[in-house]
Amino acid sequence: MINFLEFVIFILFCLYALKEAIGYGIYEYKNENKFGGISVIIFSLFSIILSIVALCLA
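Residues numbered from 1 in each chain as written. Predicted model: local features only at pLDDT ≥ 70, side-chain atom pairs only at ≥ 80, totals over all residues. Heavy atoms only, no water.

Things to note about the pattern of salt bridges
Summed over all chains, the structure comprises one salt bridge. As a salt-bridge pair, Lys 19 and Glu 20 come within 3.2 Å of each other at their nearest N and O atoms. Among the residues examined, Lys 19 registers a relative accessible area of 52% and is labelled exposed. Overall, Glu 20 belongs to the partly exposed group, its relative accessible area being 38%. (Salt bridge = Lys/Arg side-chain N within 4 Å of Asp/Glu carboxyl O. Buried < 20%, exposed > 50% of the residue type's maximum accessible area, 1.4 Å probe, protein only.)

Structure below.
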């Protein structure tokens, strides 16, 4: 079982990774790679959400 501080640090790291991935997805979307940009954004959203859910259930 994890304590509250570890959970907060994990959430902050996940939010930072999500910000970076969405930024890269927007960059790819604007540079004529629309499918790649959208797929990066969707994959990053699902992976961050599922990692937080998995940590909560563990």
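Here the narrative resumes, following the displayed structure.
A short note on the side chain of Glu 28
Within the secondary structure, Glu 28 is located in helix α1 (residues 4-30). Summary of buried charges: Glu 28 has no salt-bridge partner, and the nearest side chain of opposite charge, Lys 34, is 11 Å away. Glu 28 has contacts with Asn 33, Lys 34 and Gly 37, leaving out every residue within four places of it along the chain. (Helix = DSSP H or I, 4+ residues; strand = E, 2+ residues; numbered from the N terminus. Lys, Arg positive; Asp, Glu negative; His and termini not counted. Contact = heavy atoms within 4.5 Å.)

Considering the packing of aromatic side chains
Evaluation of the coordinates by the stated rule reveals one aromatic pair. When the ring centre of Tyr 29 is taken as origin, the NZ or CZ atom of Lys 34, which lies over that ring, is 4.5 Å away. (Phe/Tyr/Trp six-rings, centres within 6.5 Å; stacked < 30°, edge-to-face > 60°. Lys NZ or Arg CZ within 6 Å of the ring centre and 35° of its normal.)

A closer look at the state of the cysteines
In total, this model carries zero disulfides according to the counting rule given. For Cys 14, which is in no disulfide, the shortest distance to another cysteine sulfur is to Cys 56 and amounts to 10 Å. By relative accessible area, which is 4% here, Cys 14 ends up buried. (Disulfide = S-S within 2.5 Å.)

Remarks on the packing of α1 against helix α2 (residues 34-57)
Two elements in contact, α1 and α2, have axes separated by 7 Å at closest approach and are oriented at 170°. One finds that α1 runs roughly antiparallel with respect to α2. (Axes fitted to C-alpha atoms, helices over the stretch in contact; angles between N-to-C directions. Parallel < 35°, antiparallel > 145°, perpendicular 65-115°, else oblique.)

Re unusual backbone geometry
One non-glycine residue, Glu 32, adopts positive backbone phi at about 60°. Mapped onto the elements, Glu 32 comes out in the loop between α1 and α2. Owing to a relative accessible area of 71%, Glu 32 belongs among the exposed residues under this scheme.

Fair warning: the whole summary comes from geometry, so function is off the table for now.
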